[in-house]
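# Structural description and commentary
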Amino acid sequence: MSNAAPLLKPIVRNRLRLKRGRDRGYLVGATAVALTVILPLVALAFIALSGTSTNWRHLAETILPEASRITLLLMLGIALVAGSIGVVTAWLVASFQFPGRRMFAWALVLPLAVPTYIAAYSVVEFLHFAGPVQTAIRDIFGFQSSREYWFPEIRSLGGAILILSSVLYPYIFLTVRLVFVMQGRKAGDVARTLGASRAAVFVKILLPMARPAIAIGVALALMEAVNDIGAVEFLGVRTLTFAVYSTWLNRGDLYGATQIALFMLAVIVFLVLVERFARRQQRFTINRGDRPQEGHEPLRGWRGALAALACAVPIAVGFGIPILVLGGFALRRLDQLADPQLWRALQHTVVIATAAGLATVSAGFAMAYGIRLTGSRRLAALVRVAALGYAVPGTVLAIGILIPLAAFDNAVDAVMRDWFGVSTGLLLSGSGFAIVYACFVRFMAMGHGAIESGFSKLSPHLDMAARTLGRGPGGTLRQILLPLMQPALLTAFLLVFVDATKELSATILLRPFDFETLATFVYAQTSRAAFEDGALAALMIVMVGIVPVVLLTRSILKETERA
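Residues numbered from 1 in each chain as written. Predicted model: local features only at pLDDT ≥ 70, side-chain atom pairs only at ≥ 80, totals over all residues. Heavy atoms only, no water.

Helices and strands together make up the secondary structure of the chain, namely 23 helices and 2 strands. Within the chain, the proportion of its 563 residues that are buried is 49%. Contacts in the chain between residues far apart in sequence, at least 24 positions, make up 82% of those at least 6 positions apart. Summed over all atoms, the accessible surface of the chain reaches about 26,800 Å², with 66% contributed by carbon and sulfur. (Helix = DSSP H or I, 4+ residues; strand = E, 2+ residues; numbered from the N terminus. Buried < 20%, exposed > 50% of the residue type's maximum accessible area, 1.4 Å probe, protein only. Contact = heavy atoms within 4.5 Å. Areas by Shrake-Rupley, 256 points an atom, 1.4 Å probe, with all protein chains shown as cover.)

In this section: the side chain of Ser122. The residue Ser122 is located in helix α5 (residues 116-127) in this model. Since its relative accessible area comes to 0%, Ser122 is described here as buried. Excluding anything up to four places from it in sequence, Ser122 contacts Ile321, Pro322, Val325, Leu326 and Phe531.

This part takes up the pattern of salt bridges. Enumeration over the complete set of coordinates arrives at 8 salt bridges. Asp413 is paired through a salt bridge with Arg417; the nearest N and O atoms lie 2.8 Å apart. You can see Asp413 and its partner Arg417 sitting in helix α16 (residues 394-420), 4 residues apart, about one turn around the helix. The class of Asp413 is buried, set by a relative accessible area of 13%. Between Glu516 and Arg511 there is a salt bridge whose closest N-O contact spans 2.9 Å. Residue classification places Arg511 among the partly exposed residues on the basis of a relative accessible area of 27%. A single salt-bridge network, built from bridges that share partners, covers Glu224, Arg442 and Glu503. (Salt bridge = Lys/Arg side-chain N within 4 Å of Asp/Glu carboxyl O.)

Note: most peptide bonds trans; most residues except glycine with negative phi. Despite not being glycine, Asp514 shows a phi value in the positive range, around 60 degrees. For Asp514, the position within the fold is in the loop between α21 (507-510) and α22 (518-527). On the basis of relative accessible area, Asp514 is assigned to the exposed category, the value being 68%.

Counting 166 residues, the largest nonpolar core has Phe98, Val176, Phe180, Ile451 and Phe455 as the members making the most contacts within it. At 15 residues, helix α7 (residues 157-193) tops the list of elements feeding residues into this core. If sequence neighbours within four positions are ignored, Val176 has contacts with Val87, Ala90, Ala210, Ala213 and Ile214. (Core = buried A, V, L, I, M, F, W, Y, C linked by side-chain atoms within 4.5 Å.)

Below, the discussion takes up the environment of Val167. Mapped onto the elements of the fold, Val167 is located in helix α7. What makes Val167 buried here is its relative accessible area of 2%. Each C-alpha atom of the pair Val167 and Val109 lies 8.9 Å from the other, and the pair is 58 residues apart in sequence. With residues near it in sequence (within four places) discarded, Val167 still touches Pro111, Leu112, Val114, Thr116, Ala119 and Gly318.

Next up on the list: a nonpolar patch on the surface. A cluster of nonpolar side chains, namely Trp302, Leu306, Leu309 and Val313, defines an oily patch on the protein surface of about 440 Å² accessible area. Inspection of the secondary structure puts Leu309 in helix α13 (residues 302-331). For Leu309, a relative accessible area of 48% corresponds to the partly exposed category. (Patch = residues over 30% accessible without salt bridge, like charges linked within 9 Å, V, L, I, M, F, W, Y side chains within 5 Å.)

A few words on the environment of Ile546. As for its placement among the helices and strands, Ile546 is situated in helix α23 (residues 535-560). According to the relative accessible area criterion, Ile546 is buried, its value standing at 17%. Sequence separation of Ile546 and Ala113 is 433 residues, and the distance between their C-alpha atoms is 5.3 Å. Beyond its immediate stretch of four places on either side in the chain, Ile546 contacts Ala113 and Phe319.

Turning next to the packing of aromatic side chains. Applying the stated criterion across every chain yields a total of 11 aromatic pairs. Look at Tyr121 and Phe234: their rings are 4.9 Å apart centre to centre, the planes differ by 80 degrees, and that puts the pair in the edge-to-face class. You can see Tyr121 sitting in helix α5 and its partner Phe234 sitting in helix α10 (residues 230-234), a full 113 residues away along the chain. Of the residues examined, Tyr121 reaches a relative accessible area of 1% and is grouped as buried. Judged by its relative accessible area of 16%, Phe234 falls in the buried class. On the basis of an interplanar angle of 70 degrees and a centroid distance of 6.4 Å, the ring pair of Trp419 and Phe420 is categorised as edge-to-face. Neither Trp419 nor Phe420 differs from the other in exposure class; each is exposed. Three or more aromatic residues joined by ring pairs make a cluster, and in this case those are Tyr117, Tyr121, Phe234, Phe329 and Phe531. A cation over a ring is seen here: Arg138 above Phe129, with NZ or CZ 3.8 Å from the ring centre. One cation-aromatic arrangement involves Arg238 over Phe242; the distance from NZ or CZ to the ring centre is 4.3 Å. (Phe/Tyr/Trp six-rings, centres within 6.5 Å; stacked < 30°, edge-to-face > 60°. Lys NZ or Arg CZ within 6 Å of the ring centre and 35° of its normal.)

Put simply, helix α17 (residues 433-456) and helix α20 (residues 486-502) touch, their axes get as near as 8 Å, and they point 155 degrees apart. As the angle between them shows, α17 and α20 are arranged roughly antiparallel. Crossing handedness for the pair α17 and α20: right-handed. On the side of α17, the interface is formed by Cys439, Phe443, Met446, Gly447, Ala450, Ile451 and Gly454, while α20 contributes Ala488, Leu489, Ala492, Leu495, Val496, Asp499 and Ala500. Classifying every residue of the contact of α17 with α20 by side-chain character gives 11 nonpolar, 2 polar and 1 charged. (Axes fitted to C-alpha atoms, helices over the stretch in contact; angles between N-to-C directions. Parallel < 35°, antiparallel > 145°, perpendicular 65-115°, else oblique. Left-handed = near helix turned anticlockwise from the far one by under 90°. Nonpolar A, V, L, I, M, F, W, Y, C, P; charged D, E, K, R; others polar.)

This is the structure we're talking about:
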């Protein structure tokens, strides 16, 4: 053995050198992706700090206090309402048997297919003075005008909390239900055998156990709420996101808009750090050997009816009302199927969403495989930086993206004019590339997360076995890992595709002249008080979103319980 050692040293050195070279290659690639993600944030900070102190004082005195207060109240309300709906429905579906439980197990995720702004438009149409609810009240009680009876004002902060919560609670439902199904029922059964009541099991055992999952779900819901611009503008809720949009476009104050955006970014990063610090000692893990227990505790009589009602109401508000309203309007607007503007908007939407999905999945796969191949901590840290974009609202990203792209376009145009006498115009900022870039930055965390989850299900022994049979990293990837990773890659692409289809906040600021997507088409119709004219486009967005939501739900059900 000692005689063979000198012969092995060159081989070991060559393998280490090869590994370090591979490591550096993947680090360079991941660094490029991370820099691409953080470039808009750097540009945003540079422009904001270029403004004068007068801007800061004006914003601090007139805009930031009220907008911050409303944004904070909106976030607190959604955290409480959406969190309560998600946790309670997950507990009911995972722990009990009641009428309709099988259907509710997947139907409770359907509101995830409805964008927040479409939910806001639909619910207001359903509940306003001329809608079916108030019309029925007047017919039943003989009222002639709205002054004769009281009805809550839906276009308010409270209405925004309820509407946004009705479509964002599935984030909490999905994460919490997984914990309850895989671990919670076992702990609950033990507690029940010791004499604990259902309420005590829920409050003292299940809720503490699910705290990490609740924190993750609520954080995702709040990020989506802060990103929203269409719903809050329509409902008259002036959040920080709306303040950025209004300051830039309505007041023409770019410095002021970037300073509000920088303030928002600081608040969001602070909240993300607080959330991670709060659960630093907690772990959300599921043992791969665990299997969900068979059987659910039956709820009979009024208890079963109450459980079914608790699950049905969120579905009705978050999915049923939008489908009912959109379907009714769309049936009366079928002539729009001959409108070329609608089909151009659909074409633009599909192209943008497809390009964003392919770019995000490709970059996410490269980083996930790099971590699997090299085990580099530096690479993992860079991936976490690249995932920061998901926490940044679309309006903030739009400003940060437009500035460097416009500077690049102007520089190229100046060079081409000087050298060749040709104007290139706005190559990047004046095309759909800016929207694809925004979706790429914003949804990188989503695509990479789905791919990383797929890799975690593949044993590293597959790579080792392939290497012993003479396959290099490329051959192992092409012949073994890629075929096995197809479901995860498809899931990642669908998730990014659907969210890019729904994206409004960044698209409305970055779109070129006379460039409409389905989301901006709906927004434009609603802005001129003609939501019914955008109902067909809105219905298309929801229908596109249903497919991956159903696929995702089926995948989760297979992973957890055979309902």
